[in-house]
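Spelled out from the first residue to the last, the chains are:
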Amino acid sequence: MGAIWMGSARVRGWRTACQAFTSRTGRRAFTCRVGHVLATGLVAASTVVVTGCGSESAPSEHDAAYAEIVDDEDARGEVGLDRVRAHLGSEDPAVRAMAVRALGRMEDPDQLERLSGMLDDPDPGVRAATATAMAQAVHGDDPGPVSAALTTRIGRETDPAALGSLATNLGRLAFGSPEDRAGADEALASVADRLPTQGEDPELVARLGLARGIEAFARGSRGDYTLSPELLNATVSLSSVLATGDVGGDMGGGPALAATRIRRLATAALVHTGQLAPTDAVRLLGDPDWGVRRHVVIGTARHGTTSGEVIPAGLEDPDPRVRVEALRAHDRWVRPEEGCAALLQAMGDGDPHVAATAIGLAARPCPDLESQRQALAAKVAALDDPDADWRGPARSLHSLAGIAPGDAGDGVAGAARHTNPFVRAWAARAAALTGDAAALTGLSDDSDANVREAALRGLGAVAGGGARDAYAAALESDDPQLVMTATRLLVEHGAGETSVSVLLAALARFTAAQRETERDARLALLDGIGAVGGFSSDDFTPYLADFDPVVADRAAALLTELTGTGHEAAPRRLPRAGAPDAARLVELASSAVRLHMAGLGDIVIALRPDLAATNADRFARLANEGHFDGLTFHRVEPNFVIQGGSPHANEYAGDGPYSRDEISDQAHWRGTVGLSTRGRDTGDAQIFINLTDNVRLDFNYTVYGEVVEGMEIVDAVQEGAVIERAEVIVR
């Protein structure tokens, strides 16, 4: 089909355009793609084109080019990058931008020479993508050459979106010297001077890009740098940006949402450097957006400024996300002198995240210990009611054990018999605080690996070397986290009395499974074997050719230490799973995954193969295979993320193969869906959903989807919430 020119639009606008196409023509919009997704999270009017809208037709040349780029990129250069480099010369600016992004994802400074020329591409979307790619190429390396190139381009750039991308990517570089930081400060201030009027930049892309850059720059200072007067004035000005006629919202769109995000970012930047003036704090505390008010309260929690005005207002804020931060600020600045009345009151808050935060903070004694003890004990009593929600009572048991161990014994005994393993894990944590070795010993033989792991941790503190049999028995488990903990405890509590054979047997068993995502457990076992000693070179030699190069390198280092002779790793990688082809990319572009949450409702996650083709593909494939059915969200961090989809409901279990990072310029805005990792290119198919704008995750974690329905369900998810079923749907 021909292209539909959208004009100025948000990233998600491509779906709206396709729906409009469908309503006009009666043909289903099977796939629609935005030509250029820019670092600001918005798209440029001059470069946006939605292509491929129409029926299930054959993939276009655009699709074929993207599939080639994805395949080379996923191989991380193992098959060469010839196709990616060839596409740098494509007549299609969208293809050039994708090729540029792929080179940046190599995180290889040697790609800079090839990338730098693209900063002068005639298409502003390509220039924006190049700024992102160049900054990504020097991830972890000296940013000097990139800083100079971006600063020079800023002086010539006229397109709002490209200018915003230059600011975003300059601000996020890791500056090593005060001189370099001062130079970046000056360059960012110059962007503020070059901003077009809001009439010339109706979608606010330049301002949003600048706000992202300033926030990242301020955050990177780690508190030892203050913004220059020029950049400070620009930041304060951004904290006042409004869109005409609309106050915005969390999941809305257009300039109203952009303005909201700009104010949040600017306020956060002022907080990072401690330059949020009291007058600005009071002004922003009245902002209509909860996110802005939340950052004001975070500033008070960090620095204590205007605490007398901000904390009481925060505790009474209508939005629970602000109240969560106010409790944390209260805990630091008010509680030491005035006590815990506000904390105890918040334990009964109607929002579960506020209540959970208050209960967690109650794990330390208050001046009025008796009132605190009674409040927690009353909540713990609800564990006896099978119809009551267990989360608040279980967390309260842990806090009660911390302040009044003698009062928690009956609660621990009851919780240890609970049918829910999450409750039994809380019982183990509480038993560790009360020193209840008998309860911990019983729970160390629990049917659930997470309960056993929590019990072993407690036994390590309470029984030490007296529980070596329990540690050794846990090595027979197939749960990586449990085995890691057991190995550590065996080494800490009597390495000389541990038989190396049990560790070698566990290592062999995990290795035979050939699951890349169990790397952490195998490394822990290798290190444990090295610490215990008694192994021979024959025990480790096979691991020099391991399928995991990190494991092979560790084996080589241990063998070198054992023998005094250098050993080299020669890993034999497992076959790489094929990247999605052009037809599959077309299919994914109009697909979503619906999570049916038990007792809550549905969460619909639209896939973003334009951002992360291989990870969107795996998420959809696993959903189709039933991988997520019956799994849980095991991690819930108020004002951060919910994380789930682990077969073992913990951080260390996932799908077998690792997936590659697909870092893009998409910010981790509230509602975006990201890939859980434990280092570069270690995607394990667990998912996390951002509860707030978590821009500190930008350029480090992959975004491959976004919640388009059911964000209120996401907000309602608590620890242990069950994914009854996941299904792939066509949007």
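Up top you'll find the structure we're talking about.
By convention here, each chain's residues receive numbers from 1 onward along its written sequence. In keeping with the predicted nature of the model, local features appear solely for residues at pLDDT of at least 70, side-chain atom pairs appear and are counted solely at 80 or more, and the whole-chain, interface and lining totals rest on all residues. To get the side-chain values, take all heavy atoms of the structure and skip hydrogens and water.

### Overview of the overall build of the protein
So, point 1. For the protein, the count of helices and strands is 34 helices and 13 strands.
So, point 2. This radius of gyration counts C-alpha atoms alone. The globule rule is 2.2 Å times how many residues there are, raised to the power 0.38. A compact globule built from 731 residues would reach a C-alpha radius of gyration of about 27 Å, and the protein, at 27 Å, matches this within 12%.
So, point 3. Taking the principal axes of its C-alpha atoms as reference, the protein extends roughly 70 × 65 × 60 Å.
So, point 4. In this analysis, two residues are considered to be in contact whenever any of their non-hydrogen atoms come within 4.5 Å of each other. Sequence-distant contacts, at least 24 apart, represent 68% of the contacts inside the protein between residues at least 6 apart.
So, point 5. Of the accessible surface of the protein, which amounts to about 27300 Å², a share of 50% is contributed by carbon and sulfur atoms.
So, point 6. Charge assignment: positive for Lys and Arg, negative for Asp and Glu; neither His nor the chain ends contribute. One atom stands in for each charge, and that atom is NZ of Lys, CZ of Arg, CG of Asp or CD of Glu. Side-chain charges in the protein split into 69 positive and 103 negative, and the spacing between the mean points of these groups amounts to 2 Å. Runs of E in the DSSP output that reach at least two residues are strands. Runs of H or I that reach at least four are helices, and both are numbered from the N terminus. The accessible surface values rely on the Shrake-Rupley method and a 1.4 Å probe; as for residues, cover is taken only from the protein chains in view.

### Observations concerning the nonpolar core
So, point 1. Counting residues in hydrophobic clusters, the biggest one holds 75 residues, and the most contacted among them are Leu 343, Leu 397, Leu 456, Leu 475, Leu 525, Ile 529 and Phe 540.
So, point 2. With eight residues, helix H23 (residues 421-434) is the largest single contributor of residues to this core.
So, point 3. Beyond its immediate stretch of four places on either side in the chain, Leu 456 contacts Ser 444, Ala 470, Tyr 471, Ala 474, Leu 482, Thr 485, Ala 486 and Leu 489.
So, point 4. Listed in part, the 70 residues of the second largest apolar core include Val 70, Ala 97, Val 146 and Ala 218. Buried residues of nine kinds, namely Ala, Val, Leu, Ile, Met, Phe, Trp, Tyr and Cys, make up a nonpolar core once their side-chain atoms join them within 4.5 Å. Each residue is assigned to one of three classes by its accessible area relative to the maximum for its type, calculated with a 1.4 Å probe on protein chains only: buried under 20%, partly exposed between the two thresholds, exposed over 50%.

### Quick word on the packing of aromatic side chains
So, point 1. Classification of ring pairs rests on two measures: the distance between centres of Phe, Tyr or Trp rings, Trp counted by its six-membered ring, which must be within 6.5 Å, and the angle between planes, read as stacked under 30 degrees, edge-to-face over 60 and tilted in between. In total, this model carries eight aromatic pairs according to the counting rule given.
So, point 2. Judged by centre distance (6.1 Å) and plane angle (75 degrees), the ring pair of Phe 175 and Phe 217 falls under edge-to-face. Of this pair, Phe 175 sits in the loop between helix H8 (160-171) and helix H9 (178-194) while Phe 217 sits in helix H10 (residues 205-220); the two residues are 42 residues apart in sequence, bridging distant segments of the chain.
So, point 3. Judged by its relative accessible area of 11%, Phe 175 falls in the buried class.
So, point 4. For Phe 217, a relative accessible area of 1% puts it in the buried group.
So, point 5. Ring plane angle 20 degrees and centroid distance 5.9 Å describe the contact between Trp 390 and Phe 422, whose orientation is recorded as stacked. Taken together, the residues span a long stretch of sequence, with Trp 390 in the loop between helix H20 (369-380) and helix H21 (391-403) and Phe 422 in helix H23 at a distance of 32 residues.
So, point 6. A relative accessible area of 9% means that Trp 390 is categorised as buried.

### Digging into helix H4 (residues 93-105)
So, point 1. Taking 1.5 Å of rise per residue, 13 residues should cover 18 Å, and H4 covers 18 Å from first to last C-alpha, within 8% of that figure.
So, point 2. Most of H4 is tucked away: 12 of the 13 residues are buried.
So, point 3. Those residues of H4 lying buried are Ala 94, Val 95, Arg 96, Ala 97, Met 98, Ala 99, Val 100, Arg 101, Ala 102, Leu 103, Gly 104 and Arg 105.
So, point 4. The secondary structure elements touched by the buried residues of H4 are helix H2 (61-74), helix H3 (82-87), helix H5 (112-116) and helix H6 (124-137).
So, point 5. Distance and chemistry together define a polar contact, namely a pair of N or O atoms within 3.5 Å, with one atom able to donate a hydrogen and the other to accept it when in protein, and with adjacent residues in sequence counting only for side-chain atoms on both sides. One side-chain oxygen of the residue at the start of H4 lies 2.9 Å from the amide nitrogen of Ala 94, identifying that residue as Asp 92. The span you would expect from a helix comes to 1.5 Å times its residue count less one.

### Quick word on the pattern of salt bridges
So, point 1. In the sections that follow, a salt bridge refers to a side-chain nitrogen of Lys or Arg positioned within 4 Å of a carboxyl oxygen of Asp or Glu. Counted under the stated rule, the structure contains 49 salt bridges.
So, point 2. A salt bridge links Glu 453 to Arg 457, with the nearest nitrogen and oxygen atoms 2.4 Å apart. Separated by four residues within a single helix, Glu 453 and Arg 457 lie in helix H25 (residues 449-462), roughly one turn from each other.
So, point 3. On the accessibility criterion, Glu 453 (5% relative accessible area) is buried.
So, point 4. Between Arg 608 and Glu 706 there is a salt bridge, with its nearest N and O atoms 3.6 Å apart.

### Observations regarding the sheet that holds strand E10 (residues 672-675)
So, point 1. Strands sit in the order E6-E7-E12-E10-E11-E9-E8-E13 around a closed barrel of eight strands; the barrel is antiparallel. With direction set aside, neighbouring strand axes in the sheet form an average angle of 35 degrees.
So, point 2. Note: E10 against strand E11 (residues 687-690), three bridges, orientation antiparallel. Bridged to Val 673 within E11 is Ile 689. Strands were regarded as paired on the criterion that DSSP finds at least two bridges between them. Whenever a helix is involved, its axis is fitted only over the stretch in contact; in every case the axis is a line through C-alpha atoms, and angles between N-to-C directions fall within 0 to 180 degrees.

### Things to note about the pairing of strand E13 (residues 721-730)
Two faces belong to every sheet, and in a regular strand the side chains alternate between them.
So, point 1. Here strand E6 (residues 591-597) pairs with E13 via seven bridges, running antiparallel. Following the sheet pairing, Arg 594 is matched in E13 by Glu 727.
So, point 2. The sheet contact formed by strand E8 (residues 632-636) and E13 spans two bridges and is antiparallel. The partner of Thr 632 across the bridge, within E13, is Val 722.

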